[in-house]
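Per-entry structural report
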Amino acid sequence: MPISALLALEDGSVFHGHAVGATGETVGEVVFNTAMTGYQEILTDPSYAKQLVTLTYPHIGNTGVNVEDAESDTVHAAGLIVRDVPRRPSNWRSTESLPDYLKRHGIVAIAGIDTRRLTRILRDKGALNGCIVAGEQIDAEAALAKARAFPGLNGMDLAKVVSVGESYSWNAGIYDLDRTAFNQPAKRFKVAAYDFGVKHNILRLLAEQGCDITVVPAQTPAADVLAMKPDGVFLSNGPGDPAACDYAIAATRELLDSKIPLFGICLGHQIMGLALGAKTLKMKFGHHGANHPVKDMDDGRVLITSQNHGFAVDPATLPANVRVTHASLFDGSLQGFALTDRPAFCFQGHPEASPGPHDIGYLFDRFAALMQEARTNG
Amino acid sequence: MAKRTDIKSILIIGAGPIVIGQACEFDYSGAQACKALKEEGYRVILVNSNPATIMTDPETADAVYIEPINWQTVERIIAKERPDAVLPTMGGQTGLNCALDLADNGVLEKYNVELIGASREAIRMAEDRELFRVAMKDIGLECPKAEVAKTFEQAVEIQVKVGFPTIIRPSFTLGGSGGGIAYNKEEFEEIAKRGLDLSPVHEILVEESVLGWKEFEMEVVRDKADNCIIVCSIENLDPMGVHTGDSITVAPAQTLTDKEYQRLRDASIAVLRKIGVDTGGSNVQFGINAEDGRVVVIEMNPRVSRSSALASKATGFPIAKIAAKLAVGYTLDELKNDITGGLTPASFEPTIDYVVTKIPRFAFEKFPAADARLTTQMKSVGEVMAMGRTFHESLQKALRGLEIGKTGLNPTGLDLTTDDGLAVLKRELREPRPDRVFHLADAFRAGLTLDEVYSLSRVDPWFLAAFEDIVLTEKEVEAQGIAALDALRMRELKRMGFSDARLAELLDTNEAALRHLRRTLGVRPVYKRVDSCAAEFATTTAYMYSTYEEECEANPTNRDKIVVLGGGPNRIGQGIEFDYCCVHAALALREDGFETIMVNCNPETVSTDYDTSDRLYFEPLTLEDVLEIIDLEKPKGVIVQYGGQTPLKLARALEAAGAPVIGTSPDSIDLAEDRERFQQMIEKIGLKQPPNRTARNADEALALAREIGYPLVVRPSYVLGGRAMEIVYSDADLTRYIREAVQVSNDSPVLLDRFLDHAVEVDVDIIADAEGNVLVGGIMEHIEEAGVHSGDSSCSLPPYSLTSEMQDELRRQVAMMARELKVIGLMNTQFAIQGDTVFILEVNPRASRTVPFVSKATGVPLAKIAARAMAGRTLKAQGTTKEVIPEYYSVKEAIFPFLKFQNVDPILGPEMRSTGEVMGVGRSFGAAFARGHEAASIKTPPKGKVFVSVRDADKARLLPVAREVLERGFSLVATEGTAKYLAENGVACERINKVAEGRPHIVDLIKNGEIVYIVNTTEGKAAIADSFSIRREALQQRVTYSTTVAGARALVHSLDFHGDGEVHSLQELHKELNA
């Protein structure tokens, strides 16, 4: 007999299903992601810290898990909510089944529920706090209370929680499916990458550009980074409320002033905005998917992008030296900007994809070009 | 950017008749394209020879030409209409080939017409196997090892390099026609030679086998600004080796990680860029080695395709409509995604939160001599699609939607306890036939492990696990019995997709009892919406599927609604014509203010376009699924008479369940279908039927046969399309028929009808209203004599030889019957006229196959008028009381799939085997017939030798035809009997050996290209078998032939008209009628 599980939302909705991961309980903000592939990347993306992720595609776990596709060293999502986990995964690279993997990482997960109903609730009411319990004795009322007791992500600084303790260097490029190995590109640039919860594929794509990367903890002062004499600095993605990351905002302000090439993704984008004096706001249910159209304002091209954010920069609050480079075609929201007077730019979505399309991978080229230019001019 | 203003008028080329490999999906895409471009204010000109399509409705385009699709005819249309551009990507391979011909023959240049959607170079690069391979190599993509051969000798050289098994693919043929897999030299010679012959450019690709690899398809759309989106990924359950059209396919792809999926995404976009598809939709196919992930590109289609229709239905993203708008200059971000009510742009990638399964439907029962093993040449005639929240559910829904008597994964009936049974099972797993899906389940019943089943079938273990789940669950259900079914368990089973009927079988109860139990337990389906975005955005579009979940999104309204039940998967005998009728019903009643609700499960159709009706339920047409919808929607009326036999079969049960069936009552439908009741009715009103009886066992059949007298038409009761129908000439014949062809029993009696030799057959379509008024839609005189299935004969409207008195008599008789049957709606009657005597062969109080043809010929929208009559508006109230009889002639010609099936006899008979039809219009019967032949691509015989060989009963009738042949400058060759008869009657004729008489014989002559035309009639099983090689060789060598004297006569007369002649748009023709 399968082990029972339930999901309670702060609005009082309760869903009954069965456990497909560890038993126990977990609380967090419930978000939905509409990507049909890439559950392993999603689970291991540090940006999902304190979030219970529901995947709208009903079969999750089809290809099992493997070593290469992890986006960090562990699972960061606080819980997983799906319609169905197929009994047998099938893929030439699979080394473990999803339920085994979840259990090994102690992740509570529920399957068998009407995830479309859940998604519609989140769409209509916005992201809600929730609690999954799985085990022999499960109590809906207790779960509801726990869901309601969760403080929510607003004002929560999670970047420093998921960030690395000490600096480390990174050189591996992307995974080559034909050779079944990671590339080892030649090094051209020295780059310091702030880890607010960085995804491995960002580091891999930076490496593909010839970056010799030093990943630094979230609270590293700008002076320490500049002392490393990097060609450029990267601000990573990450979980939680960007406005709570005062140390990062301060550091970014200094980096901007130093006129060093700067590239931010997701949380890094929001932090750059905050450093420029703009405001961020919590979105109703955020952008979480791999099919979001974004317009490149320079050439009018439409790029299909991967998105995962619950906060956004309010474009109305951006200073005059900012040029909007990308906008969402779903809701018009700000997706990217560049400074007119400094070699700095950033993007709200995920050019590193993983999961998702590669359309906007050219931003990594742009970063390399800025560093090359700075070197030539400097 | 926005749309182009430098072009004002656009010619769209349709796909022509329904054939295997090119079915009504091109009506769906073509109709969408016409609508989309008209909406933008362009003048749209359409050419399509297929009258059964929605796209050839006069409302669809500004000028509709139902004319042959060849460059010569299209040039005449271009000369007359002077379009600025041609859009060739909506009409399948036919459209592309015609566009290439127009370009190659300088027509486009001469009239300064621009090709939009795909350039000549792009079409060529995608279609020419060698150019394609080189292009793929340029962008770093691998293809299976292969080379192009122009001669058989070259082919052999290449074969040695790529090894066995070898794949042979002819260039520029539809659905892989003429291709195949050769496992040895002998097979290689046969397939390679056939392929070289069938390829219009006499070219084949000899290719490395990637049999057993996983197969994927990507549906890509690109705009002129180079924005690319993937609309849908599709994974084939059947691995490489089975044509994708014959494969069970699933969307989205299930067994790819994100890295692997994105690799295919990048590759497919790179392919479009390389080939140069600047705007529009394309489909790219890949093979993936399951062991190491190696990817090869199989092919790409630079046009909308069967897969893109499927992808559109699977996601709610209308590829053809968007592709048409991109072709005139829009970019994706300028277009709206209609399904979200325009909330989001078309420049996104649909994401779905359900599983889509498509299963092909085959017609091998019509071609018992054909090899039913599935290969790289497509053989299926239709398909069903189903959606569910799991693969299990979607698979089981699709299986019951197939309507092949399965309620789920039913056992095949193989005895799995014997070694022989297991050996057969294993072969069926290895070398698939259409029923492999059931053998997969049987394999688990037989105790094979998943890995064993995988190594035999190469079906991915992910799919196999679902089959195993279903089989194990079935065993549990059987073991636990009905008492174990509480609400929780019932819900769990329904969530896996088990039908009420399947559960009833497993539990030894009946479907009704099981349904009652389920409903008592409160287990009911909910309906989820197809919204292209997995609920991220709200949708106003009511495109729905059932599942067993918590939340129902159907939100029925309180409006007056009419439910139209569609026809399900296409099959021979029930195809696009019925979908045409369903669409018209929906359109007409929508116009009249009803809320229209469509139920259908065929992804190729216009009826399953989400904006054809107010609401669309994409559901199997089984009693269970339909009853649940009716129960939820509570419609004012349900139309069962438009979707062919599929909904008709449900009529009585629906009525019994309280559903408001409108139009002719189910009892009247039964009265017309039940031979004995019908016979009584005919006697009562004083009309005539051929003598007929119903036999319930073999002895009775023989006794009754002697009573009526031979020849006899024999058939099982309740069939459509003449299934298993045959003409028998003796006791021995009848005994064989009963032994081989049917199972006769009390429940399934066999019907015996006296066969009327040399009778003229006539179809009459009428509409009757609730007051008993009758409107004759059209009287169609068949060209072939009675005995050839009405769906396979050609016919003429108006009749070309019947006297007006006779036509009036037919009108009188149909009206009598319509009143007696209390028909409300459509009724089709088939008459046989022998001398001056009128016999009623069949009455069908429902939409018939000829409705769209009649409507195109007369300009009277019969299906719409009849739908309104059913909804309560009298003919008078509609102002449609007068029969329209055109001055011009319209001829319908049937299209056959014989070339696809080796060893099948192309002789016409009472069993319907045509897949489609074309229409020809002319000022005389001969001219119309010639045009119809041209549309059917039947070669006009050049001057030369005509071979005649006819059965005794036809000899006298042959005489005048033979004389006319000679008068037109041909010479005659005949076999002994016919030659002697002709000579005795003063007709000069050369004698030739029959095949059995020694060489050189007639088949030698055909092979040597000495025969230009063949007239060959025959009767009786033995004589038919003797002359089989003549017809087959004629088919292979593309020698025109007639298998009836009447057909021969019409063809000979039409020789005077072939060639040019004016082209007419439907609008011009219909204007004449109103003048």
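From a predicted model like this one, the values you see are computed outputs, not experimental measurements. (Residues numbered from 1 in each chain as written. Chains lettered and ligands numbered in written order. Predicted model: local features only at pLDDT ≥ 70, side-chain atom pairs only at ≥ 80, totals over all residues.)

A short note on the nonpolar core
I110, A193 and L206 of chain A together with A585 and I639 of chain B are the most contacted members of the largest nonpolar core, which totals 464 residues. Per element, the largest residue contribution to this core is 11 residues, and it comes from helix α20 (residues 576–591) of chain B. With residues up to four places along the chain from it excluded, the contact list for A193 of chain A reads V198, L203, L206, I213, V215, V216, F234 and S236 of chain A. (Core = buried A, V, L, I, M, F, W, Y, C linked by C-beta atoms within 7 Å. Buried ≥ 20, exposed ≤ 12 C-beta atoms within 10 Å, placed from the backbone. Helix = DSSP H or I, 4+ residues; strand = E, 2+ residues; numbered from the N terminus. Contact = placed C-beta atoms within 7 Å.)

Side note on helix α10 (residues 306–315) of chain B
Residues and elements named next belong to chain B. The buried count for α10 comes to 10 of 10 residues, which makes it a mostly enclosed element. Of all the positions in α10, only R306, S307, S308, A309, L310, A311, S312, K313, A314 and T315 are classed as buried. Remark: G316 follows α10 within two positions and exhibits a positive phi of approximately 85°.

Quick look at the sheet that holds strand β1 (residues 9–13) of chain B
All names here are of chain B. In spatial order, the strands read β3-β2-β1-β4-β5; together these five strands make up an open sheet with parallel pairing. The outermost strands of the open sheet, each flanked by one partner alone, are β3 (63–65) and β5 (114–115). Relative to strand β4 (residues 85–87), β1 runs parallel, the two being bridged by three bridges. Counterpart to I12 in the pairing with β4 is L87. Where helix α3 (residues 92–104) meets the sheet, it contacts β1, β4 and β5, and its direction lies at approximately 120° from that of β1. (Pairing = 2+ DSSP bridges. Axes fitted to C-alpha atoms, helices over the stretch in contact; angles between N-to-C directions.)

So, the pairing of strand β16 (residues 382–388) of chain B
Residue and element names in this part refer to chain B. Taking burial as the measure, the seven residues of β16 include seven buried ones, the bulk of the element. Burial along β16 is two-sided: the face carrying G382, V384, A386 and G388 and the face carrying E383, M385 and M387 are both buried. Pairing of strand β15 (residues 355–361) with β16 involves seven bridges; the strand directions are antiparallel. In the strand pairing of β16, K358 is matched with M385.

Description of the environment of S268 of chain B
All names here are of chain B. Residue position: S268 is located in helix α9 (residues 258–275). Spatially, the C-alpha atoms of S268 and Q285 are 8.4 Å apart, while their sequence positions differ by 17 residues. Filtering out sequence-adjacent residues up to four positions away, S268 remains in contact with M218, V220, I230 and V284.

Things to note about the domain arrangement of chain A
Residues and elements named next belong to chain A. When cut into domains, chain A gives domain 1 (4–149) and domain 2 (159–377). Centre-to-centre separation of domain 1 and domain 2, based on C-alpha positions: 27 Å. Across the contact, 24 residues belong to domain 1 and 24 residues belong to domain 2. Secondary-structure elements contributing two or more residues to the side of domain 1 that touches domain 2 are β3 (24–33), α1 (39–43) and α3 (115–125). For the side of domain 1 that touches domain 2, the element with the most residues is β3, which contributes three residues. Of the residues assigned to the side of domain 1 that touches domain 2, the class counts are 10 nonpolar, eight polar and six charged. (Domains from an automatic or database assignment. Nonpolar A, V, L, I, M, F, W, Y, C, P; charged D, E, K, R; others polar.)

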